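Tertiary structure, described
The primary structure of each chain is shown beneath.
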Amino acid sequence: MTGQEAFQELGFPYEELVARFSGNEKLAERFLKKFVEDKTYGALCQAIEEDDYAKIEGFAHTLKGVAANLGLQSIFHYAEAVVKAVRQKQYSEIPPLFELLQQSYEQVIFVLKQLD
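We now turn to the structure provided with this report. Because the structure is predicted, anything quoted here is derived from the model rather than measured.

One pass over the structure, following the stated rule, counts 1 salt bridge. Residue Arg 87 is joined to Glu 57 by a salt bridge in which the shortest nitrogen-to-oxygen separation is 2.6 Å. Taken together, the residues Arg 87 in helix α6 (residues 73-87) and Glu 57 in helix α5 (residues 53-69) connect sequence positions 30 residues apart. Judged by its relative accessible area of 51%, Arg 87 is exposed.

And the structure:
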């Protein structure tokens, strides 16, 4: 599967991603493959289990930035919502938001693991 096919399957704008990498599709796909190996999501899961709101905010913020740079819109959206909930001390909103983030993350990772 190519990066373009993966983004098409996920419903994300591939052209925007490639533009961020100066039109270099191979470089964009290389970074997409690296996202699969990124440890931020795992660290966020650990922080969620521990109810460590400072770490939740930090890891969700990092994940939000990486997802934004790679055009992974759904991950960006839910990570941003988690950051906002922590900052506004709306802690009861975190579990349902994290569940949506988790579903989105798993879907994206499943597709990205199929990249050639």
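Another point: the packing of α5 against α6. The geometry of a pair of packed helices is captured by two quantities: the angle between their axes and the separation between those axes. At a closest axis distance of 8 Å, the pairing of α5 and α6 adopts a crossing angle of 150°. It follows that α5 is roughly antiparallel to α6 by the angle criterion. Handedness of the α5/α6 crossing: left-handed. On the side of α5, the interface is formed by Tyr 53, Ile 56, Glu 57, Ala 60, His 61, Leu 63, Lys 64, Ala 67 and Ala 68, while α6 contributes Ile 75, Phe 76, Ala 79, Glu 80, Val 82, Val 83, Val 86 and Arg 87. Residues that form the contact of α5 with α6 fall into these classes: 12 nonpolar, 1 polar and 4 charged.

Moving on, we come to the environment of Ala 79. Looking at where Ala 79 falls in the secondary structure, it is placed in helix α6. You can call Ala 79 buried: its relative accessible area is 0%. Sequence spacing of Ala 79 and Ala 67 is 12 residues, and the spatial spacing of their C-alpha atoms is 8.7 Å. If sequence neighbours within four positions are ignored, Ala 79 has contacts with Ala 60, Leu 63, Lys 64 and Leu 101.

Definitions and limits used
Residues numbered from 1 in each chain as written. Predicted model: local features only at pLDDT ≥ 70, side-chain atom pairs only at ≥ 80, totals over all residues. Heavy atoms only, no water. Salt bridge = Lys/Arg side-chain N within 4 Å of Asp/Glu carboxyl O. Helix = DSSP H or I, 4+ residues; strand = E, 2+ residues; numbered from the N terminus. Buried < 20%, exposed > 50% of the residue type's maximum accessible area, 1.4 Å probe, protein only. Axes fitted to C-alpha atoms, helices over the stretch in contact; angles between N-to-C directions. Parallel < 35°, antiparallel > 145°, perpendicular 65-115°, else oblique. Left-handed = near helix turned anticlockwise from the far one by under 90°. Contact = heavy atoms within 4.5 Å. Nonpolar A, V, L, I, M, F, W, Y, C, P; charged D, E, K, R; others polar.

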